[in-house]
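# Coordinate inspection notes
Single-letter residue listing:
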2 protein chains.
Amino acid sequence: MLSSSIAASVVQALAVRELRLTANRRAVLAALEHGQRPLTTEEVAVASSVPVSTVYRNLAELVEAGIVARVAGASGGDRHELAEAFSEHHHHHLVCIECGIVTDFTPSAQLERLIEKEVGALPDRVGFEVTHHVFDVRGRCRDCTRT
Amino acid sequence: MLSSSIAASVVQALAVRELRLTANRRAVLAALEHGQRPLTTEEVAVASSVPVSTVYRNLAELVEAGIVARVAGASGGDRHELAEAFSEHHHHHLVCIECGIVTDFTPSAQLERLIEKEVGALPDRVGFEVTHHVFDVRGRCRDCTRT
DNA sequence: ATCGCTTTGAGAACGATTCTCATTCACAGT
DNA sequence: ACTGTGAATGAGAATCGTTCTCAAAGCGAT
Ligand SMILES: [Mn+2]
Ligand SMILES: [Mn+2]
Ligand SMILES: [Zn+2]
Ligand SMILES: [Zn+2]
């Protein structure tokens with residue numbers, strides 16, 4: 001079940017693109033809201049009971065609308081989570097290069113500030129129009145370490 | 001043509017895995033050395049005139065041997081560049097979400113230091129064994145901005 | 001030259017993602 | 001409630017990047 005607090009703002013964001021909040025999209029978003037990690041398309045399909053082709057289409061639209069964020073996993077397909085405006089605060093990821101699992105991680109405020117500052121200078125410096133930054137840490141998760 | 005300075009250390013790194021520096025591998029590495037951006041597998045195949053299946057196999061082996069680094073692009077296949085030990089210093093990437101092009105970018109030493117410090121604390125903090133970090137900036141490149 | 005191992009390359013196989021299109025649905029009038 | 005219009009759906013085909021297969025060729029040591 002998609003929490004109603006989110007639903008309100010989601011409807012708005014969808015409306016801009018003339019998209020509707022259908023039962024399928026509700027189910028997809030609910031899956032992302034309740035999954036505690038970024039999910040693969042397949043995982044979303046299973047968790048939401050929405051046909052795969054529709055999940056692909058919907059996730060693409062939701063990403064386009066800024067409601068869902070694509071997270072680059074280690075392999076085996078992209079993962080997805082609710083965009084920051086619709087869920088948690090800003091955060092980054094620990095990506096396990098062994099099992100592919102992605103978990104959240106929040107760096108210090110100091111690091112974020114410095115990143116913001118540095119990234120903010122890019123447009124003037126090299127003419128690159130920044131939409132966001134990705135700061136992922138890659139390695140082996142606790143589980144994959146003890147083997 | 002692969003510069004001889006690199007060739008020396010490459011041979012060593014290959015030897016560890018009992019791999020040889022063949023003409024094909026030379027061509028693949030030369031393509032990466034002279035391309036000024038991370039290249040897709042297809043681009044490497046074209047630039048090196050090595051058959052696609054061999055390029056895939058070789059790139060995988062070279063990545064495994066730590067000679068080549070895989071760079072996550074925006075879409076349309078992974079990209080590759082010479083690993084830092086065999087080319088430039090440590091750096092990061094500007095990824096264009098429109099055309100997929102990836103260009104290098106070096107943040108301030110201060111930012112790198114802070115990242116190192118923060119990343120270095122992760123093993124003790126959450127049991128995550130770090131191999132490396134990814135700090136990519138995403139957005140639109142200069143070319144894709146003026147449209 | 002010969003042996004034992006690595007490498008090669010064309011194509012088949014595969015898995016993830018996108019496309020197609022006939023059908024169904026949602027919402028805004030009326 | 002009824003209707004019209006465009007959005008959404010879903011099953012399967014098509015596509016695309018990548019991996020696999022295997023017979024032929026290459027390399028280095030003896
Ligand atoms: Mn996350
Ligand atoms: Mn680079
Ligand atoms: Zn793991
Ligand atoms: Zn671009």
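Residues numbered from 1 in each chain as written. Chains lettered and ligands numbered in written order. Predicted model: local features only at pLDDT ≥ 70, side-chain atom pairs only at ≥ 80, totals over all residues. Heavy atoms only, no water.

### Considerations on the coordination of the manganese ion (ligand 2)
All names here are of chain B.
- Looking at the manganese ion (ligand 2), the protein donor atoms are Glu81 (OE), His91 (NE2), His93 (NE2) and Asp104 (OD), and they sit 2.0 to 2.2 Å from it.
- Taken in sequence order, the residues that donate to the manganese ion (ligand 2) follow the motif E-x9-H-x1-H-x10-D. A residue pair is termed long-range when its members are at least 10 positions apart, and His93 in strand S4 (residues 92-96) and Asp104 in strand S5 (residues 102-105) qualify at eleven residues.
- The exposure class assigned to Asp104 is partly exposed, which follows from its relative accessible area of 36%. (Donors = N, O, S within 2.8 Å, 3.2 Å for Na, K, Ca; no water. Helix = DSSP H or I, 4+ residues; strand = E, 2+ residues; numbered from the N terminus. Buried < 20%, exposed > 50% of the residue type's maximum accessible area, 1.4 Å probe, protein only.)

### Brief notes about the protein's contact with DNA strand D
- Near DNA strand D there are 17 residues, and of these Thr22(A), Asn24(A), Arg25(A), Arg57(A) and Tyr56(B) occur at the shortest range.
- Counting only atoms of DNA strand D within 4 Å of the protein, the fraction found in sugar and phosphate groups is 67%.
- In this structure, a base nitrogen belonging to DNA strand D sits 3.2 Å away from a side-chain N or O atom of Ser53(A).
- Separating a base nitrogen of DNA strand D from a side-chain N or O atom of Arg57(A) is a distance of 2.5 Å.
- When residues of the surface near DNA strand D are traced back to their parent elements, those giving at least two are helix H2 (23-34) and helix H4 (52-64) of chain A together with helix H4 (52-64) of chain B. (Near = heavy atom within 4 Å. Polar contact = N/O pair within 3.5 Å; in protein donor to acceptor, adjacent residues only side chain to side chain.)

### Focus on the relation of the copies chain A and chain B
- When chain A is brought onto chain B, the operation consists of a screw motion whose angular component is 178° and whose axial shift is 0.1 Å, with 0.3 Å RMSD remaining. The superposition of one copy onto the other is thereby described by a two-fold rotation axis. The position closest to the rotation axis in chain A is occupied by the C-alpha of Phe135(A), lying 2.2 Å away.
- Most of the interface of chain A is mirrored in chain B, where 100% of its interface residues are also at the interface. (Least-squares fit on C-alpha atoms with pLDDT ≥ 70 in both. Contact = heavy atoms within 4.5 Å.)

### Focus: the protein's contact with DNA strand C
- Close to DNA strand C lie 16 residues, the nearest being Tyr56(A), Arg20(B), Thr22(B), Arg25(B) and Arg57(B).
- Protein-proximal atoms of DNA strand C, defined as those within 4 Å of the protein, fall in sugar or phosphate at a share of 69%.
- Separating a phosphate oxygen of DNA strand C from a side-chain N or O atom of Thr22(B) is a distance of 2.8 Å.
- Note that a base nitrogen of DNA strand C is positioned 3.3 Å from one of the side-chain N or O atoms of Ser53(B).
- The element contributing the most residues to the surface near DNA strand C is H4(B), with four residues.
- For the surface near DNA strand C, the residue count by class is three nonpolar, seven polar and six charged. (Nonpolar A, V, L, I, M, F, W, Y, C, P; charged D, E, K, R; others polar.)

### What to know about the environment of Pro107(A)
- Within the fold, Pro107(A) resides in the loop between strand S5 (102-105) and helix H5 (109-120).
- Since its relative accessible area comes to 6%, Pro107(A) is described here as buried.
- Measuring from C-alpha to C-alpha, the distance between Pro107(A) and His92(A) comes to 7.4 Å, with 15 residues separating the pair along the chain.
- Ignoring sequence-local partners within four residues, the contact set of Pro107(A) consists of His92(A), Glu112(A), Phe135(A) and Glu118(B).

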